[in-house]
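Below, each chain spelled out in residue letters.
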Amino acid sequence: MDPVNLTYYAVVCGGLAAYSPTLTNRIVRLVLGFGVGALSATLLPVVHFVLGF
């Protein structure tokens with residue numbers, strides 16, 4: 001895994017972890033996790049293009 005991927009997913013997962021403890025419903029956390037994961041996987045090629053990798 002290259003440094004861009006590692007940093008990108010660390011930021012996405014860190015942001016999700018920062019907000020998930022405030023959500024008490026497990027289903028909401030699960031849906032939010034799937035949504036953030038899908039969004040981050042979709043945006044990763046854009047991040048690579050912007051950074052020139």
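A few points on the structure.

Definitions and limits used
- Residues numbered from 1 in each chain as written.
- Predicted model: local features only at pLDDT ≥ 70, side-chain atom pairs only at ≥ 80, totals over all residues.
- Heavy atoms only, no water.
- Phe/Tyr/Trp six-rings, centres within 6.5 Å; stacked < 30°, edge-to-face > 60°.
- Buried < 20%, exposed > 50% of the residue type's maximum accessible area, 1.4 Å probe, protein only.
- Helix = DSSP H or I, 4+ residues; strand = E, 2+ residues; numbered from the N terminus.
- Expected span 1.5 Å × (residues − 1).
- Arc of directions from axis to C-beta.
- Contact = heavy atoms within 4.5 Å.

This paragraph deals with the packing of aromatic side chains. Enumeration over the complete set of coordinates arrives at 1 aromatic pair. Seen from their ring centres, tyrosine 8 and tyrosine 9 are 5.3 Å apart, and the 75 degrees between their planes marks the pair as edge-to-face. Accessibility expressed as a relative area gives 29% for tyrosine 9, which makes it partly exposed.

As a further point, take helix 1 (residues 3-19). In an α-helix there are 3.6 residues to a turn, and that puts residues three or four apart on one side. The end-to-end C-alpha separation of helix 1 is 25 Å, in line with the 24 Å expected for 17 residues at 1.5 Å each. For helix 1, the complete set of buried residues consists of Val4, Asn5 and Tyr8. Down the axis of helix 1, the sector holding all buried residues measures 100 degrees, keeping them to one side. Set apart from the buried face of helix 1 by more than 90 degrees, the exposed residues are Pro3, Leu6 and Ala18.

You can see tyrosine 19 is positioned in helix 1. On the basis of relative accessibility, which here comes to 61%, the residue tyrosine 19 falls in the exposed class. For the pair tyrosine 19 and leucine 32, spaced 13 residues apart in sequence, the C-alpha to C-alpha distance is 9.9 Å.

Its place among the elements puts valine 47 in helix 2 (residues 26-51). Residue classification places valine 47 among the partly exposed positions, given a relative accessible area of 24%. Distance in space between the C-alpha atoms of valine 47 and valine 4 is 8.6 Å, their sequence separation being 43 residues. Excluding residues within four positions of it along the chain, valine 47 makes contact with Val4 and Tyr8.

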